[in-house]
Amino acid sequence: MDTTATYVCAWCGQESITEVDVSQGMRQKYIEDCQVCCRPMQFFLVFDEEDYSATISTEPLDG
Ligand SMILES: [Zn+2]
């Protein structure tokens, strides 16, 4: 099972890889800083129920 997923930063548009943990739930919502520009984002993480592939969408967060 993959424990990493790619996301596209809501701030800088760069694609980056982040670690994900399916044991925390099939749908997760958390705040993390972009690894490229270090600005905070809301992450929405959804695991596929068949192959557990992860899909991440992001929204910019202020401060
Ligand atoms: Zn960024």
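## Considering the overall build of the chain
Then, in step 1: Each helix and strand in the chain was counted, giving 0 helices and 5 strands.
Then, in step 2: In sequence order, the chain lays out its α and β elements as β-β-β-β-β.
Then, in step 3: Relative to the compact-globule value of 11 Å for 63 residues, the chain shows a C-alpha radius of gyration of 11 Å, a close match.
Then, in step 4: Considering only C-alpha atoms, the chain reaches an extent of 35 × 20 × 15 Å along its principal axes.
Then, in step 5: For the chain, the proportion of its 63 residues judged to be buried stands at 11%.
Then, in step 6: Put simply, of all contacts in the chain between residues at least 6 apart along the chain, 35% involve residues at least 24 apart.

## Regarding the pairing of strand E1 (residues 4–8)
The two faces of a sheet get side chains in turn, since along a regular strand they alternate between them.
Then, in step 1: Strand direction decides the pairing type here: E1 and strand E2 (residues 15–19), joined by 5 bridges, are antiparallel. Across the sheet, the residue bridging to Thr4 is Glu19, located in E2.
Then, in step 2: Connecting E1 to the antiparallel partner E2 that follows it, the hairpin turn spans 6 residues, and Gly13 within it adopts a positive phi of roughly 80°.

## A closer look at the environment of Glu32
Then, in step 1: Within the secondary structure, Glu32 sits in strand E3 (residues 27–33).
Then, in step 2: Glu32 sits in the partly exposed class, given 16 other C-beta atoms within 10 Å.
Then, in step 3: Leaving out residues up to four positions away in the same chain, Glu32 has contacts with Thr18, Met41 and Phe43.

## Considering the sheet that holds E3
Then, in step 1: Taken in spatial order, the 3 strands of this open sheet run E3-E4-E5, and their pairing is antiparallel. Of all strands in the sheet, those bounded by a partner on one side alone are E3 and strand E5 (54–60). Going from strand to strand, the sheet's axes swing by 25° on average, the running direction of each strand aside.
Then, in step 2: Where strand E4 (residues 40–47) meets E5, 7 bridges bridge the pair, whose relative direction is antiparallel. Across the sheet, residue Phe47 finds its bridge partner in E5, namely Ala54.

## Things to note about unusual backbone geometry
Then, in step 1: Positioned with a positive phi, Cys38 is a non-glycine residue whose angle comes to about 65°.
Then, in step 2: Within the secondary structure layout, Cys38 lies in the loop between E3 and E4.
Then, in step 3: The residue Tyr52 is not glycine, and still its phi comes out positive at about 60°.
Then, in step 4: Checked against the element boundaries, Tyr52 lands in the loop between E4 and E5.
Then, in step 5: Classification of Tyr52 by C-beta neighbours within 10 Å gives partly exposed; the count is 13.

Definitions and cut-offs
Residues numbered from 1 in each chain as written. Predicted model: local features only at pLDDT ≥ 70, side-chain atom pairs only at ≥ 80, totals over all residues. Helix = DSSP H or I, 4+ residues; strand = E, 2+ residues; numbered from the N terminus. Rg over C-alpha atoms; globule rule 2.2 N^0.38 Å. Buried ≥ 20, exposed ≤ 12 C-beta atoms within 10 Å, placed from the backbone. Contact = placed C-beta atoms within 7 Å. Pairing = 2+ DSSP bridges. Axes fitted to C-alpha atoms, helices over the stretch in contact; angles between N-to-C directions.

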